[in-house]
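Here's the letter readout for the chains.
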Amino acid sequence: HLPNGSESASQPFTSTQVREIFLPGKPMTWSRVGHGQHGPRFTPTDRRNHMSDIAQAWLDAGHGPFERGLPLMMEAEYVFSRPGSHFGTGRNAGFLKPQFIRARPGGGSGGGDLSNLRKLAEDALEGVAFYNDSQIAGAQEEKRYVGQERAVLEWLEPVEANEPIGTRIRIWPL
């Protein structure tokens, strides 16, 4: 498939096939905590709330679920704010340090593992956007800082310097 979702340059692409949401705020990774008081692993409250927000954004956008069993393509973009350590101080305050120009959000509180970012989004949309996340037959994703040029999803609209942090998800049938 081409980035616009069509099979070939001659086949028309209809944007109604693509369903998109944007959830403002810091993207979160999937996480489970060890053993709880009453048994096995549990999903932390902040993760459950973020998953609920993603599902609600899907519903608020007026999107229904895709047909059960339909193979889907998922595109996700996770935009983080840069940490203060990426910027100079004193007379260089506000200027990005050269060694961080190409940096991408890392692990821990700074960005997390890309597969865990995707897992949280897929699990949040299961039963809302699709019957089961096994319907996701293809995926493209990227994590980056605000204002940083895209390296993977470069066919999307140009990046704006003052864009909000958040998670953008686009899904369409293959």
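Structure report, in brief. (Residues numbered from 1 in each chain as written. Predicted model: local features only at pLDDT ≥ 70, side-chain atom pairs only at ≥ 80, totals over all residues. Heavy atoms only, no water.)

## Concerning the packing of aromatic side chains
Given two aromatic rings, one states the distance between the centres and the angle between the planes to describe the pair.
Logical step 1: According to the stated counting rule, one finds one aromatic pair in the structure shown.
Logical step 2: Relative to Phe-66, the ring of Trp-58 lies with its centre 6.4 Å away and its plane at 50 degrees, an arrangement referred to as tilted.
Logical step 3: Overall, the relative accessible area of 0% leaves Trp-58 in the buried class.
Logical step 4: Lying across the ring of Phe-66, Arg-19 places its NZ or CZ 3.8 Å from the centre.
Logical step 5: Arg-68 extends its terminal NZ or CZ atom over the ring of Tyr-131, reaching a point 3.5 Å from the ring centre. (Phe/Tyr/Trp six-rings, centres within 6.5 Å; stacked < 30°, edge-to-face > 60°. Buried < 20%, exposed > 50% of the residue type's maximum accessible area, 1.4 Å probe, protein only. Lys NZ or Arg CZ within 6 Å of the ring centre and 35° of its normal.)

## Here's the deal with the pattern of salt bridges
Logical step 1: Following the criterion strictly, the structure yields 13 salt bridges and no others.
Logical step 2: In this structure, Arg-168 and Glu-20 form a salt bridge, with 2.8 Å as the shortest nitrogen-oxygen distance. Taken together, the residues Arg-168 in strand S6 (residues 166-173) and Glu-20 in strand S1 (residues 19-24) connect sequence positions 148 residues apart.
Logical step 3: On the accessibility criterion, Arg-168 (19% relative accessible area) is buried.
Logical step 4: Owing to a relative accessible area of 35%, Glu-20 belongs among the partly exposed residues under this scheme.
Logical step 5: In this structure, Arg-170 and Glu-20 form a salt bridge, with 3.8 Å as the shortest nitrogen-oxygen distance. Of the two residues, Arg-170 is situated in strand S6 and Glu-20 in strand S1; the sequence distance between them amounts to 150 residues. (Salt bridge = Lys/Arg side-chain N within 4 Å of Asp/Glu carboxyl O. Helix = DSSP H or I, 4+ residues; strand = E, 2+ residues; numbered from the N terminus.)

## Focus: helix H2 (residues 114-125)
Helical periodicity: at 3.6 residues per turn, an α-helix aligns residues three or four positions apart in one direction.
Logical step 1: With twelve residues, H2 extends 17 Å from end C-alpha to end C-alpha; this agrees with the ideal 16 Å at 1.5 Å per step.
Logical step 2: For H2, every residue scored as buried is listed here: Leu-117, Leu-120, Ala-121, Glu-122, Asp-123, Ala-124 and Leu-125.
Logical step 3: Positioned one or two residues after H2, Gly-127 has a phi angle of 85 degrees, which is positive. (Expected span 1.5 Å × (residues − 1).)

## Considering the packing of helix H1 (residues 45-60) against H2
Logical step 1: Across the interface, H1 lies against H2 with an axial gap of 8 Å and an inter-helix angle of 60 degrees. As judged from the angle between their axes, H1 and H2 are oblique. The two elements H1 and H2 meet at a crossing, and its hand is right-handed. Across from Arg-47, His-50, Met-51, Ile-54, Ala-55 and Trp-58 in H1, the residues of H2 making contact are Leu-120, Ala-121, Asp-123, Ala-124 and Leu-125.
Logical step 2: Residues belonging to the contact of H1 with H2 are distributed by class as follows: eight nonpolar, one polar and two charged. (Axes fitted to C-alpha atoms, helices over the stretch in contact; angles between N-to-C directions. Parallel < 35°, antiparallel > 145°, perpendicular 65-115°, else oblique. Left-handed = near helix turned anticlockwise from the far one by under 90°. Contact = heavy atoms within 4.5 Å. Nonpolar A, V, L, I, M, F, W, Y, C, P; charged D, E, K, R; others polar.)

## A closer look at the nonpolar core
Logical step 1: Among the nonpolar cores identified, the biggest contains 26 residues, and Ile-54, Trp-58, Met-74, Leu-125, Phe-130, Ile-169 and Ile-171 are the most heavily contacted of them.
Logical step 2: Counting residues per element, the ones that place at least two in this core are S1, H1, strand S4 (72-80), H2, strand S5 (136-145) and S6.
Logical step 3: Every residue in contact with Leu-125, bar those within four places of it in the chain, is listed here: Ile-54, Ala-55, Trp-58, Phe-130, Ile-169 and Ile-171. (Core = buried A, V, L, I, M, F, W, Y, C linked by side-chain atoms within 4.5 Å.)

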